[in-house]
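Structural overview for review
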Amino acid sequence: MPDQKAISTNQMQKTFKTRQGFWRRTTRVTEAVRDVTFEVNKGELFGLLGPNGAGKTTSVKMLSTLLLPTSGTITILGLDILRDTTEVRKRIGFTFGGARGLYGRLTAVENLRYFAELYAMEPALTRKRIPELLELVNLLDRGNDKVETYSSGMQQRLHLARALLHDPELIFLDEPTVGIDPVGARELRATIKELKARGKTILLTTHYMAEADELCDRIAIINKGRIIAMDTPAGMKSGMTSESVINLRTSNENLTALKAILSPIDGKATILCKENTVQSEVSIRTAHPSRVIEVISPWLNTDLIQTMEMRSQTLEDVYVAIIQNEEANG
């Protein structure tokens with residue numbers, strides 16, 4: 001039976017050593033990634049989430065052969081990245097957030113033609129692939145425009161086209177929508193969905209929880225170089241808590257009165273109060289939202305409660321709770 005794993009890591013670790021001081025040289029050791037073990041199935045869209053400095057980009061660079069691991073093993077599409085580096089690179093594509101890596105004075109077609117030559121692609125194949133890829137990323141009508149005239153979102157889509165030139169089986173997308181306006185981000189997400197529908201395996205890193213919830217089959221949360229949670233987005237939300245969130249807004253002068261009204265549910269729900277310049281916000285997390293509504297309903301048509309919103313917990317709520325719990329427990 002063929003191996004169905006696109007990525008397999010076992011105790012992957014990356015340690016950076018830096019020297020400090022002038023007269024008395026000392027060595028500082030930083031563990032960027034610590035004993036990370038996980039698998040990604042072929043055809044899966046896997047999300048890697050975590051705060052800045054958590055180890056996401058370092059992990060992606062090791063998986064895509066741009067960094068050597070300090071220890072542990074990494075297998076990509078059944079190939080060992082240390083022993084079979086050249087073959088691995090033929091079968092993967094990657095793109096990192098930002099505008100670097102493209103030539104602004106060249107058109108999109110000229111950029112892709114240049115990178116195709118670096119991949120040693122046949123000219124006939126190059127002529128066929130470039131318009132196909134530009135159509136896939138919705139840039140066909142701008143293919144002969146210089147890249148320096150492109151928006152950030154268009155540049156990111158061209159980055160993705162470049163990564164797809166040699167038709168890789170596995171694609172690494174490191175924060176592909178960072179710095180992109182909502183319209184551009186939506187278009188890029190649509191392209192990512194199309195790639196998954198075509199059977200591509202994708203590893204995505206992102207800071208945007210709604211994006212991960214929309215796109216990913218499974219997600220892993222990494223913090224301080226370690227994976228601290230892994231599940232489907234739905235499983236992570238249901239497994240963490242079944243609580244609902246009720247958000248209230250009131251004026252600063254009425255906050256004390258609202259706290260008094262909520263006192264009967266104190267201890268039976270988590271109540272967080274935040275006083276801003278003009279308004280105050282009260283967030284209530286509860287497994288029994290009907291009880292909270294019963295308490296506050298007489299005040300909904302008064303000045304005491306200006307607005308109310310009730311929703312189920314989002315992936316962002318769960319993510320924040322996991323990270324905060326990890327930080328609190330050291």
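Structure: see above.
Residues numbered from 1 in each chain as written. Predicted model: local features only at pLDDT ≥ 70, side-chain atom pairs only at ≥ 80, totals over all residues. Heavy atoms only, no water.

A count of helices and strands for the chain gives 11 helices and 14 strands. Based on the C-alpha atoms only, the size of the chain along its principal axes is roughly 75 × 55 × 55 Å. Taking as baseline every contact in the chain between residues at least 6 positions apart, the subset at least 24 positions apart corresponds to 70%. (Helix = DSSP H or I, 4+ residues; strand = E, 2+ residues; numbered from the N terminus. Contact = heavy atoms within 4.5 Å.)

The next point concerns the sheet that holds strand β11 (residues 244-251). Pairing in this open sheet of four strands is antiparallel, and the strands run β12-β13-β11-β14 from one edge to the other. The sheet is open, and its two edges are formed by β12 (270-275) and β14 (307-312), each paired on a single side. Within the sheet, the average angular offset between the axes of one strand and its neighbour, ignoring direction, is 15 degrees. As paired strands, β11 and strand β13 (residues 279-286) are joined by eight bridges and run antiparallel to one another. Bridging from a neighbouring strand, Ser251 pairs with Gln279 of β13. (Pairing = 2+ DSSP bridges. Axes fitted to C-alpha atoms, helices over the stretch in contact; angles between N-to-C directions.)

Turning our attention to the side chain of Asp80. Following the sequence through the fold, Asp80 ends up in strand β5 (residues 79-80). For the buried Asp80, no salt bridge is present, and the opposite-charge side chain at shortest range is Arg83, 4.5 Å distant. At 2.9 Å, the side chain of Asp80 and the backbone nitrogen of Leu82 are in polar contact. If we ignore the near neighbours within four places in the chain, the residues touching Asp80 are Ile74, Thr85 and Val88. (Buried < 20%, exposed > 50% of the residue type's maximum accessible area, 1.4 Å probe, protein only. Lys, Arg positive; Asp, Glu negative; His and termini not counted. Salt bridge = Lys/Arg side-chain N within 4 Å of Asp/Glu carboxyl O. Polar contact = N/O pair within 3.5 Å; in protein donor to acceptor, adjacent residues only side chain to side chain.)

Enumeration according to the criterion identifies four aromatic pairs in this entry. Put simply, the rings of Tyr103, Tyr114 and Phe115 pair up and form one aromatic cluster. For the cation-ring pair, Arg162 lies above Phe115, with the distance from its terminal atom to the ring centre recorded as 5.0 Å. (Phe/Tyr/Trp six-rings, centres within 6.5 Å; stacked < 30°, edge-to-face > 60°. Lys NZ or Arg CZ within 6 Å of the ring centre and 35° of its normal.)

Another point: the sheet that holds strand β1 (residues 5-20). Read across the sheet, four strands follow the order β2-β1-β4-β5 without closing on themselves; strand pairing throughout is antiparallel. One side of each edge strand has no neighbouring strand; the edge strands of this open sheet are β2 (26-41) and β5. Along the sheet face, helix α1 (residues 56-63) touches β1, β2 and β4 (71-76) and points at about 115 degrees away from the line of β1.

Our next topic: the layout of surface pockets. Estimated volume of the largest pocket: approximately 260 Å³. Taken together, Thr65, Leu66, Arg89, Ile92, Gly93, Phe94, Phe115, Leu118, Tyr119, Arg162, Ala163 and His166 make up the lining of the largest pocket. It is strand β6 (residues 92-96) that contributes the most residues to the lining of the largest pocket, three residues altogether. In terms of residue class, the lining of the largest pocket is made up of seven nonpolar, three polar and two charged. (1 Å grid on protein atoms, 1.4 Å probe; cavity = no way out; pocket = protein on both sides within 12 Å on 5 of 7 lines; lining within 4 Å. Points joined across faces, edges and corners; volume = space filled by probe spheres on them. Nonpolar A, V, L, I, M, F, W, Y, C, P; charged D, E, K, R; others polar.)

What follows concerns unusual backbone geometry. Within the chain, Gln11 stands out as a residue other than glycine whose phi angle is a positive 55 degrees. The class of Gln11 is partly exposed, set by a relative accessible area of 45%. In this model, Thr65 sits at a positive phi of 70 degrees, which is unusual for a non-glycine residue. The residue Thr65 is located in the loop between α1 and β4 in this model. By relative accessible area, Thr65 is classed as buried at 9%.

Take the packing of helix α3 (residues 108-118) against helix α4 (residues 123-136) next. Packed helices, taken two at a time, are described by the angle their axes make and the gap between the axes. Between α3 and α4, the least distance of the axes is 10 Å, while the angle of their chain directions is 130 degrees. In terms of axis orientation, α3 runs oblique to α4. Once α3 is placed against α4, the crossing between them reads as right-handed. For the pair α3 and α4, the contacting residues are Ala108, Val109, Leu112, Arg113 and Ala116 in the first and Thr126, Ile130 and Leu134 in the second. In terms of residue class, the contact of α3 with α4 is made up of six nonpolar, one polar and one charged. (Parallel < 35°, antiparallel > 145°, perpendicular 65-115°, else oblique. Left-handed = near helix turned anticlockwise from the far one by under 90°.)

Now for the pattern of salt bridges. Following the criterion strictly, the structure yields 20 salt bridges and no others. Arg129 serves as the salt-bridge partner of Glu132, at 3.9 Å between the closest nitrogen and oxygen. With Glu132 and Arg129 both in helix α4 and three residues apart, the pair spans about one turn of that helix. Look at Glu132 and you get partly exposed, because its relative accessible area is 36%.

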